[in-house]
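What follows is the residue order along each chain.
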Amino acid sequence: MLPFLLTSGITTGALYAMVAIGLVLVYRSTGHINFSHGELFMLGGFFAYTFHVTVGLNYVVAMLLAVIGSFFVGVASDRIVYRPLIKAPGLSMVLATVGFSFLMKGIGRFFWGGKGEYLSIKPIVDPAPLWIAGIPILPQQLIVLAGALACMIMFTIFFRSTLAGKMMQATAENPRAAYLVGIKVEQVYTYTWGAGAAVAGAAAVLMAPLTLLSPDVGFTLLLKAFAATILGGLGSMVGAVVGGFIVGITEALAGGYIATSLQEVSSFIIIMVVLVFRPSGLFGVYGIRRA
Amino acid sequence: MLDVRNLNVWYGVTEVVRDVSFSVPTGSIVALMGGNGAGKTTILNTLSGLLKPRGGELALDGESIKDRHPHDIVVRGLVQVPQGRHVWPGMTVRDNLDLGAVTRKDKDGIRADIEEAFALFPILAERRDQRASSLSGGEQQMLAICRALMAKPRMLLMDEPSAGLSPRIVQEMVAAIRRLHERGLTILLVEQNVGVAGALADTAYVLANGEIAFSTDGAELATNPDVLRSYLGR
Ligand SMILES: Nc1ncnc2c1ncn2[C@@H]1O[C@H](COP(=O)(O)OP(=O)(O)O)[C@@H](O)[C@H]1O
Ligand SMILES: [Mg+2]
């Protein structure tokens, strides 16, 4: 049983890692946790479904459109939620992003919900498992894995080596100093929300063939990704990915060996344990902002 | 020339700067003094576009800079070195300097200016790959100054550059500010240290409760610092 649990744990882990990357991206630039991030994933998945299944576009084209669509939803969330609250206390932002998540969930239900069942996308690659060292692995699982790693590497390089990445980090560390050197802080925020949403969309697109889409996937997924970010150290890109895999694998093992019910709560347990014993997480550099 | 006319700034329902007028002639060093809470930082932040004034006029070389985005103000050559330094702690000295030049495109000029910054404060060159959080208070102040210089300002707004530094570092800072002035920078210097202001300023304004209470020229400042001390309440 172990090999099966591990492969499924690694795959969901890769998904959590990608969703967590988006959370970290927004956190690093704006200093806020985007509680509507899970819903961005959900919408990205439905965009892919609509373009691919409903409209009948080629999978790759549909994917790209879904990612672009997600980017614009992210930009819209900046304009609707963030920009008006740019000077408000942190708690207002928390409430606003939670509120925005309900709005998006409502939109998801309106257009794609109520069909009595979950929607699914057929795998694009051959669904037959590959047998690697006696373990069955779905090709789509490998694609998700590769996608997560590629995103992580891209964003790490982006923050370390590009001026745009450094502008985002500077804005996160000290927005006032960012204004004072002439960084267009509002623009940085807009691109960040867009990019964070685009990664969520990309994760959804990669993952859609493996899971079922529903307007309500957002919150559960947010929790898992949040556990991954807390575990990895809020603000660390590498930490988010490692945390994602740990949460995914822990969940699979706990569900398989102990009790299925543990699968759902294991991310809560991880969040609590980390906050009590190592609040800065595994790779934490920023620590947790205490409001 | 920076011209501040009848400036009024409010935080919510509180008037913090009341009808303040002064000017900083091109090529001069003007000190803006006053105790804690007098409104000095508020004035600088209004000049930098971080705060919107309720009334008054702000002009740089005859052109209004009121209600401009902070980016436009930096581009026009008015750059602030903030109180408490505000360097980016998680980034290296080099990154802090590079970011100081985000409004510029001339790569060669930027490279030359980084070398010039390192010449002004050689210790920063040694620390170029260290995180700013590992620097001492004095080094962070030097970095904050150099970061502002990277924008190629015509005029610097310096908010208490000597605060919290040891007397030896304060002397170094005074010498550095003097060198910047000799290189042609106009400086509006917010200070609580009468010694520093007296050593540098051509003119000083004393702010009390958001209003200009007193002004004097540098000669008087140097010879008769007690007048100022009495206004500053120490
Ligand atoms: N963000 C703010 N909100 C409300 N009041 C403020 C704020 N910042 C400063 N003040 C108040 O405005 C007054 C002037 O502050 P400040 O300009 O920082 O003074 P200074 O720099 O001279 O010490 C003080 O009474 C201070 O308490
Ligand atoms: Mg002050």
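What counts as what
Residues numbered from 1 in each chain as written. Chains lettered and ligands numbered in written order. Predicted model: local features only at pLDDT ≥ 70, side-chain atom pairs only at ≥ 80, totals over all residues. Heavy atoms only, no water. Buried < 20%, exposed > 50% of the residue type's maximum accessible area, 1.4 Å probe, protein only. Helix = DSSP H or I, 4+ residues; strand = E, 2+ residues; numbered from the N terminus. Contact = heavy atoms within 4.5 Å. Buried area = accessible area lost by both parts, 1.4 Å probe. Salt bridge = Lys/Arg side-chain N within 4 Å of Asp/Glu carboxyl O. Polar contact = N/O pair within 3.5 Å; in protein donor to acceptor, adjacent residues only side chain to side chain. Nonpolar A, V, L, I, M, F, W, Y, C, P; charged D, E, K, R; others polar. Pairing = 2+ DSSP bridges. Donors = N, O, S within 2.8 Å, 3.2 Å for Na, K, Ca; no water. Phe/Tyr/Trp six-rings, centres within 6.5 Å; stacked < 30°, edge-to-face > 60°. Near = heavy atom within 4 Å. Areas by Shrake-Rupley, 256 points an atom, 1.4 Å probe, with all protein chains shown as cover. Expected span 1.5 Å × (residues − 1). Domains from an automatic or database assignment. Core = buried A, V, L, I, M, F, W, Y, C linked by side-chain atoms within 4.5 Å.

Some details on helix α3 (residues 93-100) of chain B
Where burial is concerned, most of α3 of chain B is hidden: seven out of the eight residues are buried. Turning to α3 of chain B, the residues buried within the fold contact α6 (163-173) of chain A together with α4 (107-120), α5 (122-126) and α6 (137-149) of chain B.

Topic: the interface of chain A and chain B
At the interface, 19 residues of chain A touch 23 residues of chain B. Among the residues chain A hides against chain B, the three largest losses belong to Arg176, Leu180 and Val181 of chain A. Together they make up 34% of the total. At the boundary of chain A with chain B, the tally comes to one salt bridge. In this structure, Lys166 of chain A engages Asp95 of chain B in a salt bridge whose closest nitrogen and oxygen atoms are separated by 2.8 Å. At the boundary of chain A with chain B, the tally comes to seven residue pairs in polar contact (both at pLDDT 80 or more). At the level of secondary structure, the elements contributing two or more residues to the side of chain A that touches chain B comprise α6 and α7 (175-180) of chain A. Sorting elements by how many residues they give to the side of chain A that touches chain B places α6 of chain A first, with six residues. A breakdown of the residues in the side of chain A that touches chain B according to their chemical character gives ten nonpolar, three polar and six charged.

Side note on the sheet that holds strand β4 (residues 55-60) of chain B
Residue and element names in this part refer to chain B. The antiparallel open sheet is built from four strands, whose spatial order is β2-β1-β4-β5. Single-partner strands in this sheet number two, and they are β2 (14-24) and β5 (63-64). Pairing geometry for strand β1 (residues 2-11) and β4, over five bridges, is antiparallel. Note that in β4 the partner of Asn8 across the bridge is Gly55.

Topic: the pattern of salt bridges
Residues and elements named next belong to chain B. Using the criterion set out here, one finds 18 salt bridges over all chains in the structure. Between Asp3 and Arg5 there is a salt bridge, with its nearest N and O atoms 3.0 Å apart. Overall, the relative accessible area of 23% leaves Asp3 in the partly exposed class. We classify Arg5 as partly exposed; its relative accessible area is 34%. Taking the shortest distance from any N to any O, the salt bridge between Asp108 and Arg111 comes out at 3.5 Å. Of this pair, Asp108 and Arg111 both sit in helix α4, three residues apart, which is roughly one turn of that helix. Comparing Asp108 with Arg111 shows no difference in burial state: the two are exposed. Within the structure, one salt-bridge network assembled from shared partners comprises Arg104, Asp106, Asp113 and Lys152.

A few points about the coordination of the magnesium ion (ligand 2)
Residue and element names in this part refer to chain B. Distances from the magnesium ion (ligand 2) to its protein donors, namely Thr41 (OG1) and Gln83 (OE1), fall within the range 2.0 to 2.2 Å. In this pair, Thr41 is assigned in helix α1 (residues 40-47) and Gln83 in the loop between β6 (78-81) and α3, connecting sequence segments 42 residues apart. Judged by relative accessible area, Thr41 falls into the partly exposed class, the value being 21%.

Structural notes on the packing of aromatic side chains
All names here are of chain A. All told, the structure shown has nine aromatic pairs over all chains when counted by the stated rule. Plain terms: the ring middles of Phe46 and Trp112 are 5.0 Å apart, the flat faces sit at 0° to each other, and that makes the pair stacked. Here the residue Phe46 occupies a position in helix α2 (residues 37-54), and Trp112 occupies one in helix α4 (residues 90-112), the gap between them amounting to 66 residues. Residue Phe46 is classed as buried on the basis of its relative accessible area of 0%. The class of Trp112 is buried, set by a relative accessible area of 11%. A centroid spacing of 4.8 Å and a plane angle of 75° characterise the contact between Tyr82 and Tyr189, whose relative ring orientation is edge-to-face. A residue pair is termed long-range when its members are at least 10 positions apart, and Tyr82 in helix α3 (residues 59-82) and Tyr189 in helix α8 (residues 185-207) qualify at 107 residues.

Brief notes about the site of ligand 1
Residue and element names in this part refer to chain B. Around ligand 1, the structure places Tyr11, Val16, Gly35, Asn36, Gly37, Ala38, Gly39, Lys40, Thr41 and Thr42. Considered on its own, ligand 1 offers 560 Å² of accessible surface; in the complex 55% of this is hidden by protein. The greatest single-element share of the shell around ligand 1, amounting to three residues, is contributed by α1. For the shell around ligand 1, a count of residues per class yields three nonpolar, six polar and one charged.

Digging into helix α9 (residues 217-232) of chain A
Residues and elements named next belong to chain A. With 16 residues, α9 extends 23 Å from end C-alpha to end C-alpha; this agrees with the ideal 22 Å at 1.5 Å per step. Here α9 lies mainly inside the structure; 13 of its 16 residues are buried. Just beyond α9, the residue with positive phi is Gly233, at close to 105°.

Looking at the domain arrangement of chain B
Residue and element names in this part refer to chain B. When the domains of chain B are assigned, the result is domain 1 (2-77 + 153-231) and domain 2 (88-152). The distance between the C-alpha centroids of domain 1 and domain 2 comes to 23 Å. Taken together, the contact between domain 1 and domain 2 spans 18 residues of the former and 13 residues of the latter. Taken together, both faces of the contact between domain 1 and domain 2 bury some 1300 Å²; the carbon and sulfur share is 73%.

Some thoughts on the environment of Ala254 of chain A
Residue and element names in this part refer to chain A. For Ala254, the location among the structural elements is in helix α10 (residues 237-258). The spacing of Ala254 and Val265 is eleven residues in sequence and 9.7 Å in space, taken between C-alpha atoms. Apart from the residues within four sequence positions on either side, Ala254 is in contact with Ala259 and Leu262.

Topic: the side chain of Glu251 of chain A
Within the secondary structure, Glu251 of chain A is located in helix α10. Not counting residues within four places of it along the chain, the set of residues in contact with Glu251 of chain A comprises Tyr16, Lys224, Gln263 and Ser266 of chain A.

Comments concerning the nonpolar core
Counting residues in hydrophobic clusters, the biggest one holds 83 residues, and the most contacted among them are Leu15, Met18, Ile21, Phe41 and Ile183 of chain A together with Trp88 of chain B. Beyond its immediate stretch of four places on either side in the chain, Ile21 of chain A contacts Ala148, Cys151, Met152, Phe155, Val199, Met237, Ala240 and Val241 of chain A. Ranked by size, the runner-up nonpolar core spans 50 residues in total, among them Phe121, Ala148, Ile187 and Val206 of chain B.

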